[in-house]
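# Structural overview
One-letter residues, chain by chain:
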Amino acid sequence: MNLNPEFQRQLYLECSQARLIGIPLVLGVIFTFSYFIDGYRLGGATAKAALILFLLITLLWGARQAVDSIVEEYRDRTWDTQRLSALGPWEMVWAKLFGSTLMAWYAGLLCLLVYGSAIDDYAALPMLIFYGVCAALLVQSGSLLLGLLAVRRGQTKSGSIFLLAVIGFLSIAPWLSEVSSLTAYALPDSTTAWYEIRFSSSAFHQISLLLALFWCAVGNYRLMTLELGMRTTPSVWLGFSVFLMIYVGGFMPSSAYSFWLAAFAVCSALTYVGVVVESNDAMRIKRLLTYFVQRNWRRGSEELPIWWLSFLLLLPAALVLSVSVHPLREFSLRFHFYPLAIVLILLRDCGIYIYFCYGKNPQRALSLTLLSGVLLYGILPGIFNAMGQNGLAALFFPLWADSAGGALLCALAQSGWVMGMLYRRWQAST
Amino acid sequence: MITVDKLIFEYPGLRALDNVSFRMDQGSITALVGPNGAGKTTLLRCMAALERPVSGTITIEEIDVLEQPRDCHRIIGYLSDFFGLYQRLTVRQCLHFVARAQGIDDSDCPAAIAAVCRRLNIEDRLEMRPGELSRGLRQRVAIAQAIIHKPSLVLLDEPASGLDPEARHELAELFLDLQRQGMTLLVSSHILAELEAYCTDMLVLRNGRLVEQITVKKARQHKPFKLLLAQPVQNLAEILKQIPDIELLKTEHDQLALIQLTADTQQQHAVLKALLALNLPVCEFAPAASNLQDAYLQTIRQRP
């Protein structure tokens, strides 16, 4: 049988006889203990134990396995062998995702079987299984995504990536146990308004979860495509940015201003995310410029950093917001909102991060940028503010300026200075 | 035919490959030599479409490597200098995985594994794990992985490092065998004496630049011979130029001469007869001890 070779390799690694026998044995011991606690029957304690174990195994162990399926290859220097194989990106993604987590699913399935035998009311079971499986897939798929990003940045330690997966677990676990405590009769008949259309909340959550899974899979596909050396434009990131703008915009009160505000917030966040997750390679910009000079637009667009795209999408949102009337202006006279100044501040922050990335210790770029952020956003403007020098405080934190023009000038001065420094360092690096 | 044209690759602050251009014939074995940091590994990785250069083109069998990297991956085999093997799999499982990943049908895998193991003499290690093997045997397993799908171009980065002399000899035999089957090989190595046994061409890289491309095979068809006389003979160079079918390379003190002859032994005999007929006091007439290492060192010294 022509099984996917990567999946088959994962089977060789994961499905050892010892594991196939050992996992049911260990679970059996735990459930025997809960059986005694329940008074020699499968009851509440067993159901709770089974659910907690399902979550721990599929989310935590599964996430760890998914991260290691890619980071271990890089660490053990076998990644080049895989990159040179004839396998396509999608074949590689699903084989790694499902192959590496196979034993976690095997153990999780046993836990669900015990859970099913221990509960009396089966009304909420299908929904619990749906949420449980989708949430685990989301965390595992997200972990694979983080693993791929780490490999692209040359990071070989999976500990920090796993920490992010744990955060994912902690955010999903309480929500899932809440679902498990509901019975079909007790389910609240709540609705969610999205662009003034009312949806059943549970249906909306389910669709959102499936959409998150879809985007995770697309992200994995795109990163794997890049890893395999295939040429691709960052259209997936562009699509994701637009999707997120529309999705988040649906939750805002219905007005054009609210929509653009959501778009502004989403694009700002994605710009920061984009600049941090991608490898900031000075040579990439040189290649990009070389292609543009050669008028090879296609190749040039393939080299575009993803944060540039979010930043470009941010500009129209900032312009629209700048010419619109700020509805919150009446609530507080001290609160200023200067979208164009924020755009420049964002550019400054990205510039600072990339400046450190082009330095001798790029692995410290994030911590150095955060330190700079504390100085620029907190300490320096705070000191000047305390001294009553609001003008000087606004120089560092332009949103404290009294006029949009003043804020824009302060932000322009800072971003211009940072960009100048960045350009000089880029020239030195290339 | 493999063509590399105006290839430029840069690391931050360092141009690793500077306008490198060369051609390789189908079925040739080319030695890629140069000092440490010359750009050998970078060149091999670019040719394997594992790195993206700033500019330039690489064409392997009419496939533009930089445009169609996946098509290129199907026709090349690559052995990295720091190769890795799956430590938790047996040798058979490693080879089966690579064979399947390279598109070999599951039913054809046992035959492909058997063939490559026979060729590399590792048939009796199939059930062992790479961690249980010696460095040399692990190297052979890695080479087996690189050639199991019978690629038309094999790129090998320091394939003989860590091998004992016997294993190196076997490796040379293997490369010649692969060449006979029509494969083209590009072998990066520091051990020039071993390359001489099988390579047909030599590429010399220095500071990211291609210093010289030497056709070794052609040189082997024309052997340099050393002629030593018992005492100096005036105008030795002029005398030697009278003899047909020889090319005078150099003379020293009218007593020693280096001449180029064809590899044909009959012709060598005829030249010796002619030398004696000219009453030259010949006391030594033998192939000069010139090899790849000499050629390499000569190139490196002549072209800084």
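Criteria and cut-off values
- Residues numbered from 1 in each chain as written.
- Chains lettered and ligands numbered in written order.
- Predicted model: local features only at pLDDT ≥ 70, side-chain atom pairs only at ≥ 80, totals over all residues.
- Helix = DSSP H or I, 4+ residues; strand = E, 2+ residues; numbered from the N terminus.
- Buried ≥ 20, exposed ≤ 12 C-beta atoms within 10 Å, placed from the backbone.
- Contact = placed C-beta atoms within 7 Å.
- Domains from an automatic or database assignment.
- Nonpolar A, V, L, I, M, F, W, Y, C, P; charged D, E, K, R; others polar.
- Core = buried A, V, L, I, M, F, W, Y, C linked by C-beta atoms within 7 Å.
- Pairing = 2+ DSSP bridges.

Broken down by element type, chain B carries 11 helices and 14 strands. Out of the 304 residues in chain B, the part that is buried amounts to 39%. A fraction of 65% describes how many contacts in chain B between residues 6 or more apart in sequence connect residues 24 or more apart.

With that settled, the discussion passes to the domain arrangement of chain A. All names here are of chain A. Taken as a whole, chain A is organised into domain 1 (6–230), domain 2 (235–324) and domain 3 (339–430). With centres defined by C-alpha atoms, the gap from domain 2 to domain 3 works out at 20 Å. Sorting the residues of the side of domain 2 that touches domain 3 by element identifies helix H11 (256–277), helix H12 (282–293) and helix H14 (306–323) as the ones contributing at least two each. Here the side of domain 2 that touches domain 3 takes 6 residues from H14, the largest share from any one element. Looking at the side of domain 2 that touches domain 3 residue by residue, the class counts come to 11 nonpolar, 4 polar and 1 charged.

A separate point is unusual backbone geometry. Of note, B:Asp254 is a non-glycine position whose phi angle comes to about 55°, a positive value. Tracing the chain through its elements places B:Asp254 in the loop between strand E12 (247–252) and strand E13 (256–262).

Among the nonpolar cores identified, the biggest contains 124 residues, and A:Ala50, A:Tyr115, B:Ala144 and B:Leu155 are the most heavily contacted of them. At 16 residues, the largest contribution of residues to this core is made by helix H3 (residues 44–75) of chain A. Here A:Tyr115 is in contact with A:Ala47, A:Ala50, A:Leu51 and A:Phe54, once residues within four sequence places are set aside. Counting residues in each nonpolar core, the second largest holds 50 residues, with A:Val343, A:Leu347, A:Ala365 and A:Cys410 among its members.

Moving on, we come to the interface of chain B and chain A. In this assembly, 32 residues from chain B lie in contact with 28 residues from chain A. At the level of elements, helix H2 (69–75) and helix H3 (91–101) of chain B are the ones that each hand at least two residues to the side of chain B that touches chain A. Ranked by residues supplied to the side of chain B that touches chain A, first place goes to H3(B) with 5 residues.

Residue and element names in this part refer to chain B. Spatially, 4 strands are ordered E2-E1-E4-E5 in an open sheet, and the strand pairing comes out antiparallel. Either end of the sheet is taken by a strand with one partner, and the two such strands are strand E2 (14–24) and strand E5 (63–64). In this structure, strand E4 (residues 55–60) lies alongside E5, joined through 2 bridges in antiparallel fashion. Bridge pairing in E5 places Thr59 opposite Asp64.

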